[in-house]
Amino acid sequence: SSKLHEDVSKVLTRIGIVHANELCVPRLGYHVDIAISPIATASMPGTAAGGGTADQPLDELAARTRKAVRAATAEYAGIVIEVDGPSHNDDERRLCPASKMIRRHLALAGWVVLTVPYWEWDALKGQARKAYLEELLARAGLSEPERS
């Protein structure tokens, strides 16, 4: 993940949006930058590479993983935020074909795909970034009860 991606994730956390970073989407195999969904809320933040933490034994993690996979079969999968650095676009800021294809597949699988282009994010500072993400999520239909 990039610094740009980390910045977006930090602002989402500050505004109370439960999300997962670098989620591998079941049935598609794509890794998305940020996911806000039943899969994200069933994800396992803070786990070590070997799995498990002192307060989350492996059995509990396995159960949460199974729950996340079952949630992925729902018609509405959730919201994906793709944080687009310069490599996602050509010199005229058009999305590259590979990124277009992935987003089409995600949409067909029931995900709402949002983008945060680097040139828009870089032009914002502080509270303007928070407002930008709140507006983006509101346009996608994320209501207050779905937060944290």
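The preceding data block contains the structure.
The following paragraphs examine the structure supplied in this document. Note that the coordinates shown come from a computational prediction; the quantities given were computed from them, not determined experimentally.

This part is about the pattern of salt bridges. For the structure on display, the rule yields six salt bridges. Note that Glu 92 and Arg 94 form a salt bridge whose closest N and O atoms lie 3.1 Å from each other. The class of Glu 92 is exposed, set by a relative accessible area of 58%. Given the relative accessible area of 47%, Arg 94 is considered partly exposed. A single network of salt bridges, built from pairs that share partners, joins Lys 3, Asp 7 and Arg 129.

To continue, consider the nonpolar core. Counting 20 residues, the largest nonpolar core has Val 8, Leu 12, Ile 81, Val 116, Trp 121, Leu 133 and Leu 137 as its most contacted members. Those elements that place two or more of their residues in this core are helix 1 (3-14), strand 2 (31-36), strand 3 (78-84), strand 4 (111-117) and helix 6 (127-139). If we ignore the near neighbours within four places in the chain, the residues touching Val 8 are Ile 34, Val 83, Val 116, Trp 121 and Leu 133. By size, the runner-up hydrophobic cluster in this structure holds seven residues, among which are Val 25, Val 32, Leu 106 and Trp 111.

This next bit is on the sheet that holds strand 3. Sheet strands associate in pairs through backbone hydrogen bonding, adopting either a parallel or an antiparallel arrangement. Across the sheet, four strands lie side by side as 1-2-3-4; this open sheet has mixed pairing. The sheet is open, and its two edges are formed by strand 1 (20-24) and strand 4, each paired on a single side. Between one strand axis and the next, the sheet turns through 40° on average, direction left out of account. The sheet contact formed by strand 3 and strand 4 spans seven bridges and is parallel. Following the sheet pairing, Glu 82 is matched in strand 4 by Thr 115. Packed onto the sheet, helix 4 (residues 97-108) meets strand 2, strand 3 and strand 4 and runs at close to 145° relative to strand 4.

You can see Lys 130 is positioned in helix 6. Judged by relative accessible area, which is 29%, Lys 130 ranks as partly exposed. Sequence separation of Lys 130 and Leu 12 is 118 residues, and the distance between their C-alpha atoms is 7.7 Å. Residues within four places of Lys 130 in sequence aside, it is in contact with Val 11 and Ile 15.

This paragraph deals with the packing of aromatic side chains. For the structure on display, the rule yields two aromatic pairs. Between Trp 121 and Tyr 132, the aromatic rings sit 6.1 Å apart at their centres with planes inclined by 75°, giving edge-to-face as the arrangement. Of the two residues, Trp 121 sits in helix 5 (residues 118-122) while Tyr 132 sits in helix 6, which places them 11 residues apart along the sequence. Accessibility assignment for this pair places Trp 121 and Tyr 132 in one class, buried.

Let us now look at helix 1. Taking 1.5 Å per residue, 12 residues should reach 16 Å; helix 1 reaches 16 Å between its end C-alpha atoms and fits that length. Residues of helix 1 that are buried: Leu 4, His 5, Asp 7, Val 8, Ser 9, Val 11 and Leu 12. Positive backbone phi, at 85°, marks Gly 16, one or two positions downstream of helix 1.

Our next topic: the side chain of His 5. In this structure, His 5 sits in helix 1. From its side chain, His 5 meets the backbone oxygen of Asp 33 in a polar contact 3.1 Å long. Not counting the four nearest positions on each side in its chain, His 5 is found in contact with Asn 21, Glu 22, Asp 33, Ile 34 and Val 83.

So, how was this worked out
Residues numbered from 1 in each chain as written. Predicted model: local features only at pLDDT ≥ 70, side-chain atom pairs only at ≥ 80, totals over all residues. Heavy atoms only, no water. Salt bridge = Lys/Arg side-chain N within 4 Å of Asp/Glu carboxyl O. Buried < 20%, exposed > 50% of the residue type's maximum accessible area, 1.4 Å probe, protein only. Core = buried A, V, L, I, M, F, W, Y, C linked by side-chain atoms within 4.5 Å. Helix = DSSP H or I, 4+ residues; strand = E, 2+ residues; numbered from the N terminus. Contact = heavy atoms within 4.5 Å. Pairing = 2+ DSSP bridges. Axes fitted to C-alpha atoms, helices over the stretch in contact; angles between N-to-C directions. Phe/Tyr/Trp six-rings, centres within 6.5 Å; stacked < 30°, edge-to-face > 60°. Expected span 1.5 Å × (residues − 1). Polar contact = N/O pair within 3.5 Å; in protein donor to acceptor, adjacent residues only side chain to side chain.

All quantities given are derived from atomic positions and should not be read as evidence of function.
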